[in-house]
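If you want the building blocks of each chain, they are given just below.
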Amino acid sequence: MGACACGEKKPPTGKTQISADQQAKINETTAVVKAEVKEDVKEAIEEAEKAQADETKSPEEKKEAKRKVKKAKKRLSKLEVLERAREVESMTLDDYNTAIRRLHSVTGEDPTNPGKKMCLPEGLEWMTAMLEVLWPSIRKYTEKTMREQVQPAISRAVVAYGVTCDITNFDLGENSPGFGPISARRVEGLNGQPDGGLELSLGITYRSNMSITLSTSVGTIGVQNINFLGTLFIWLRPFVDEMPLCGGVEMAFVNPPTIELDWTGFVGNTMDFSGLQTKVRDIIDSSVASYCVVPNFIAVPMHPSVDPAKLKCPQPEGIMRLTVVGANDLPSTDFGGGCDPYVQIKVGAQTWKTKSVQNTTCPQWEETHDFLVYNQDQWVVVDVLDHDLNASDLIGTVKHLPVNRIVKRGLAEVPLTKDGLPLIGEDTDGDDTPPCTIQLKAQWIEINDSTPANDDRLVSVHISEIKGLPTGLETPLKIKASVGTSEGLTKGGVAKPGSWSDSEEVLRLIRTQKGIPAAEVASMLSLEGNEELIERALAQHDDEWLLQADSSMASWWMKNSYLLNWQAFPTEQDAEKDDRVQWAGSSEETNWPLCSKDELNKRKAYFTAAADVADWHYKITTNLKAHKAATEPYYEYVMHMHANSVDDVKLEILNKSGAVVGSTTLTVTDNAVGDEPDLVGPFEVDVNGTKCLVHGSATVKSLVVATELPSNWNLKADAIDSKEFIAWWKDEVYLEDWHYNKEEGTKWTAIDWRAGKKDRASEEELAKRVEYYHEGADHVIGSGVTPSKEGALMACLKAGAITWGDYDVLIGKLRGEPNVPTIAETIEWVNLLIIAMWPNIKAYTETMVRTKVEPQVSKAAKDAGAGMKMIGLDVKLPKVDLGTKPPHFNTIQVEKIAKKNGWGGDYDGMILTLHNASFVSDIDIEVEVIVTSALGTKTMKLGVKNVLFRGTIKTIMKPMLPTLPMIGAVQVTMPNPPELVMDFTGLTDALVDKIPSMNRLVSGTVVNSIAGYCCVPNFIVVPMAPKLIKPVELSYPRPVGVLRVTVESALHLIAGDTSITGAGSSDSYVNIRVGSQTFASEQETSLNPVWKVNNTRDFVIHDMDQCVDMEVFDADGVLGGSDDSLGAVHSKETVIGGGVDLIRRGIPVKALLRLGAKACLALTKKVKDEVSSSDSHVVFESVPVKGNDGQESQLIVTPSWLNIVNDGTRNLAYLLEVQVDEVTGMPSPVERDFSGPFKIKATIGPHNVVSKAGAARPVNVDTAQLLKTIVKMNESGVSLNDISVATELDTTVVEKALVLKDGEEEKWGATANKCITKNKAAENPQFNQRLYQVVPIEEDHEAAQEGRWHCPIELSILSKDDAEIVKTTITYDVASNKTSEGAPSIIHGPFTIPVSIEDESSGGLMSMIGFGSKKQEPYNGKWTVHGSILLEGLKQRVMDAD
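Residues numbered from 1 in each chain as written. Predicted model: local features only at pLDDT ≥ 70, side-chain atom pairs only at ≥ 80, totals over all residues. Heavy atoms only, no water.

### Examining the sheet that holds strand β56 (residues 1247–1250)
Let me state the cut-off plainly: Criterion used throughout: strands pair if DSSP finds at least two bridges between them. Strands are runs of DSSP state E lasting at least 2 residues, helices are runs of H or I lasting at least 4, and numbering of each runs from the N terminus. Comment: axis = line fitted to C-alpha atoms, over the contacting stretch for helices; angle = value between 0 and 180 degrees taken between N-to-C directions.
In spatial order, the strands read β56-β55-β58-β59; together these 4 strands make up an open sheet with antiparallel pairing. On the outer flanks of this sheet lie β56 and β59 (1364–1373), each paired with one strand and no other. Averaged over all adjacent pairs, the angle separating strand axes in this sheet is 20°, with direction ignored. One ladder, built from 4 bridges, connects strand β55 (residues 1239–1244) with β56; its direction is antiparallel. Looking at the pairing, Ile1244 lines up with His1247 of β56.

Listed below in structure tokens is the structure:
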């Protein structure tokens, strides 16, 4: 870590990159994956070929073996094309790494295998991209907060010291933090307990070009260009079977992060000349290390069963006993030769130094120290320094030496470096001079709970709190524990959470003591030192102090958020200079005008008083906490110490200055088993003559020299495992840039690996490097031809190594297009977290079903049975088993929505896509329905098991805002209906046997329900800033265009029908579906049909990832028969995990458009469409359909793309957009026995579109008060009908309210709420919907083509039975309805529909709209549809879909 002087470094720009160390970790992972893929493929080929040659195998087995060979070779070809693409630089190293890792999981086994222990490091480009989109909002909000809240606070804080301080510049800069790589592994629970946990390691990189400047009365202080590099470890443990499922979270850096910053102003100049750089760096280093570098953890307990002390101070994994043996050939640093070297070693936040050896370049120390090790990835950082009276000089260093590797090596001779190059000693004889080295000897000491502790022991002292301390001590107090030469020190004691009284309660107690002197009140309430605050409280009147404003004064500006920003402006001109004046206006709207002077003074008085109250509560709370921290300090801290002998433990209480104020000695004997404490407090300590109690415990565990390393350590060979020092030029970063030029060489070939040497390497040395790099880079391409960059990506696409989405991303990057999406990245760390937590999730869910869901379902069933006059109805859940297989996520991708917004941000939002999330479950759920009647009791069993659910989920976050919550809304949808397969048991199983299509019928019903709820164009919407965003804009976003599909012909179909002569034919037709839009062509009787009539359909497209589902059927003319499928279009896409090719129905819109006119699509059928508990990877395999002539069946279609373009040219069609908000003016249902729900239909000629049913505005009725009102009105003689009208309840509900028994009020309240909601939906139905309909233009309709169309549009209101009640016609003049720019303009409603009903009898129109059968008065009214209409032209653009 280091600090840089002002002006020495240019601000970093561009996208934040991960560190070289983090990149090396990803590259290492890629190498492992590549080797595993090649080995697995080789074994698969050998095994399959052997089976194929075995004469004992059946033809089916040989066929399967042949298929396996083909599949294995295909996987190998995917790897080869990716390597070629990287060689010609078609993709970045990050994208190449991602694509390689996606070919194969780390173990090659079931991705949901519960025994999976770890996942390889993965990139987090998707997370970094999300932060890039959020960054302008974060930047804007932070700057505003600093200016409006932090700046005033700083000014108030320093004014008492006679100093002024203003933030003259605060800019976070354009560069956002970057994340990745991330990896995960399963770990033990707290203190080695087997309750389970997960460890995440997250790389964090922040190369900031931020700039902060403070102007003070003593000068200018500034900071700029902050660089932060580190790997944050996060431990989730232990997992529990109750919410929140995770007992606690620990966070820490296992190695100190690198932090660099430039100082500006007088501080920066002072540092430049005074040598304070090192001191500032050391202060920052030690501050960060003491806060969040192991053994210091940030701990967040999340479950009461978790000991916060064990979470904050977990037991180490073991102890590394490190001996510094000596060093060879160090360079001389002292005048006259020689040096006085000593060694400083850091492991996490632990630091240890050897003694210095005087006047030598080959020192021998032979000194040993024990380091507590918490993670195998901790580094041993070795600094060899020359001792000096003033300051020690660095001789050489060893950085980033992992604990696991040095422990594995045992005795290691490690090269020293300086300034990134090998350190060379005094001997300069030739180029073969070896670098300086240091000899280290490491031994692993494991913690053993099973044997009694010997002399070598781990002593853990747990300090909870201290009780009974006298007052007047210098705080905060710390506790020091020591045993032998080992010491431990707690943090400063704090107030125990919840141990002090609430400030409101303290105020109430003080106010009860009026007339008593403040000093006596302070003594009674243990508030010594708070006399001034007590006097303030006693002096105030109730109304003034508590500011109990009456309702007439309660205004929008009486909020804490405004209190924080309050500032009185003496004049109107002063107010206009400050943007905080906005809230001083007279309303809550934007651009508020200034309020009157009297109003401003009233607010000033209120805010001044409110500020006094807030100040009093803050001070009293602070003082109460400080008092508790001084008299009853709370710690919950564990000190782990290594002892070499059976010594007593000494406890000392230290004050703020470090002086001992009390002590005691503990004798700890190992007499407990496992993790139980061996000595339990409290321990008595004398503090200034007062006996106080230290609550805590002590534990002793045996330490044993390990015979083998921990099994969970991930060991890999490196330079330490080789006797020969690895040359600097063999680093992968040089391999990537290698280009051999014999005549000129390259930059690095001319640099010798000795420090400072710039001479050209010898011919022999150069030849050695050329050989190494050519062999290592493997530049020889199998075909002998170097492909173009785009050609290499196309080869990857054709081989299935990347998807179409990947191809678009990579092509966009090659072409330098801005804001291309991230490549789809694996998220195995998420999957591993789910795997680790699945037993707990399963246990919790099953318990919830048993204790909460089943009783509620049973009660609802019994109530329903009682309502149906049945003797008994009950529902039980005898079997609820979520199975062993958790959900699995394949890849994640982020797309930035680039659009400059009004406040200066670069992005309008982002789209996060989870590709092919799946749930391949061995779930087993059984439901029993018990019906009791006069004929007896009948039990029906219904069950489902082995469910497969797979689909892609998109989350759209937009627009971006410059203030909290920074995102205007979140929309969740699925581009296509999910795939669902399930097995049935019980009655449903029997129905499946009797009705073969039952399985598909039930699954289809579920899928259709999901599609109607959250599949495009339906969105689940979560408004984050509802005042700024209209709901209809979120729930019904505008389409991106229109897909026109023309069905041309089909070839080589199967004969579905057979004539008397034996000749076959099919009454074939094509069914096309895009989301909820469907189309069926005319029937053609032929095996090679050609469609010419009714063969074109337009589909409104909202997402280019929507799939076009096409299937050819043979129409069955038999009554009750079903049409037979002759084949469907399936698209093959590579999905992450094991290199499995998954098949899905349909073809994406973008992929279909790429095929162009008369696209020839193969018709296939699935050969596997079920799921079983033994299946790890369920694959929907498909095979080509062959017609009667033996040739493969094909469907020929022509796709084209219609853009919504209004440029004055000829239109091919129009897109009708009807927005329906609500309908008003309809009669009250309770007045006219009238019911809904209603729908809206828009019609142009033969084309129409119908809305969903209208709903009621959200109602929240106080049913308890409503019930009292009904009873009171009834007692006053009001009729049932009048009560019904007044309360908007049906008369049956009113009647029930008057005869309620005790305990039935809650059930009646739910019924009343439903009734009111139903009636409001009929009287004032809310739609908030947009309806879209494509209106094709006939060829001879020149007026429509040229934009001269007077288009009649009918708006109809439909009954609950979809019958037309009333309608009106609106004429849309395409020519005149235009904006000043020539674009079509919106016709805004309301649109009024006169309604007149003269018939007083039942039937007719009255009956249609739900009027009851009783006699009604004639009805005349006006129903008003609120909304708007827009008609836009559509023009063909074939290539715009790309």
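### Examining the pattern of salt bridges
This is how the line gets drawn: Here a salt bridge means any side-chain nitrogen of Lys or Arg lying within 4 Å of a carboxyl oxygen belonging to Asp or Glu. Between buried and exposed lies partly exposed: a residue is buried under 20% and exposed over 50% of the maximum accessible area for its type, with that area taken using a 1.4 Å probe on protein chains only.
For the structure shown, the criterion picks out 39 salt bridges. The salt bridge partner of Lys467 is Glu465, with a shortest N-O separation of 4.0 Å. A residue is classified by how much of its surface remains accessible, and Lys467, at 32% relative accessible area, is partly exposed. Note that Glu1364 is salt-bridged to Lys1367, the shortest N-O span being 4.0 Å. Glu1364 gets classed as partly exposed once you look at its relative accessible area, which sits at 32%. Residue class for Lys1367 comes out partly exposed when judged on its relative accessible area of 42%. One salt-bridge network, in which partners are shared between bridges, spans Glu465, Lys467, Lys496, Lys628 and Glu632.

### Quick notes on the packing of helix α9 (residues 503–511) against helix α11 (residues 531–539)
Threshold: Between 65 and 115 degrees an angle is taken as roughly perpendicular, under 35 as roughly parallel, over 145 as roughly antiparallel, and anywhere else as oblique. By convention the crossing between two helices is left-handed if the near helix lies anticlockwise of the far one by an angle smaller than a right angle, and right-handed if it lies clockwise. Contacts between residues were defined by any pair of non-hydrogen atoms, one from each residue, lying within 4.5 Å.
Two numbers describe how α9 lies on α11: the axes approach to 9 Å, and their chain directions differ by 70°. Comparing the axis directions of α9 and α11 gives the class roughly perpendicular. At the point where α9 passes α11, the crossing takes the right-handed sense. Judged by residue contacts, Leu507, Ile510 and Arg511 of α9 engage Ile534, Ala537 and Leu538 from α11.

### Things to note about the packing of aromatic side chains
What counts is decided by this rule: What counts as a ring pair is set by centres within 6.5 Å for rings of Phe, Tyr and Trp (its six-membered ring), and what kind of pair is set by the plane angle: stacked under 30 degrees, edge-to-face over 60, tilted for all other angles. A ring is considered to have a charge above it if a Lys NZ or an Arg CZ atom is located within 6 Å of its centre and within 35 degrees of its normal.
Per the stated rule, a full pass over the model turns up 8 aromatic pairs. Relative to Phe371, the ring of Trp352 lies with its centre 6.5 Å away and its plane at 80°, an arrangement referred to as edge-to-face. Residue Trp352 is found in strand β12 (residues 350–353), and its partner Phe371 is found in strand β13 (residues 364–373); the two are separated by 19 residues along the sequence. We note Arg1097 situated over the ring of Phe1099; from NZ or CZ to the ring centre the distance is 5.1 Å.

### Some remarks on the pairing of strand β24 (residues 649–654)
In terms of burial, β24 is a largely internal element, 5 of the 6 residues being buried. Note that strand β21 (residues 478–483) and β24 share 5 bridges and pair antiparallel. Directly across from Ile479, in β24, lies its bridge partner Ile653. Across 6 bridges, the pairing between β24 and strand β25 (residues 660–666) is antiparallel.

### Looking at unusual backbone geometry
Cis geometry marks the peptide bond from Met243 to Pro244, where omega comes out at 10°. A cis amide bond links Thr475 to the next residue, Pro476, at an omega of 5°. With respect to the helices and strands, the residue Pro476 is situated in the loop between β20 (457–467) and β21. With a phi angle near 55°, Glu366 is a residue other than glycine that sits in the positive phi range. The phi angle at Asp1362 is positive, at roughly 65°, despite the residue not being glycine. One can find Asp1362 in the loop between β58 (1350–1358) and β59. According to the relative accessible area criterion, Asp1362 is partly exposed, its value standing at 43%.

### Brief notes about helix α19 (residues 804–814)
All buried positions along α19 are accounted for by Asp806, Tyr807, Val809, Leu810, Ile811 and Gly812. Those residues of α19 that are buried are in contact with α3 (93–101), α18 (789–799) and β31 (891–898). Remark: Gly816 follows α19 within two positions and exhibits a positive phi of approximately 75°.

### Observations regarding a nonpolar patch on the surface
Operational definition: Like-charged residues are merged into a patch within 9 Å and nonpolar side chains (Val, Leu, Ile, Met, Phe, Trp, Tyr) within 5 Å, provided each residue has over 30% relative accessible area and no salt bridge. Accessible surface is estimated by sampling points in the Shrake-Rupley manner with a 1.4 Å probe; for residues, cover comes only from the protein chains shown.
A contiguous nonpolar surface patch, about 210 Å² in accessible area, is contributed by Val1271, Leu1298 and Val1299. Within the secondary structure layout, Leu1298 lies in the loop between α28 (1291–1297) and α29 (1305–1323).

### As for the packing of helix α2 (residues 59–87) against α18
Just so we agree on the cut-off: Basically, the charged four are Asp, Glu, Lys and Arg, the nonpolar ten are Ala, Val, Leu, Ile, Met, Phe, Trp, Tyr, Cys and Pro, and anything else, Gly included, counts as polar.
Their axes nearest at 9 Å, the elements α2 and α18 cross at an angle of 165°. When the axes of α2 and α18 are compared, the pair comes out roughly antiparallel. Once α2 is placed against α18, the crossing between them reads as left-handed. In this structure, α2 uses Lys74, Lys78, Val81, Leu82 and Ala85 to contact α18, whose residues at the interface are Ala792, Ala795, Cys796 and Ala799. Considered class by class, the residues forming the contact of α2 with α18 number 7 nonpolar, no polar and 2 charged.

Note that all results are geometric; they support no functional claim without further evidence.
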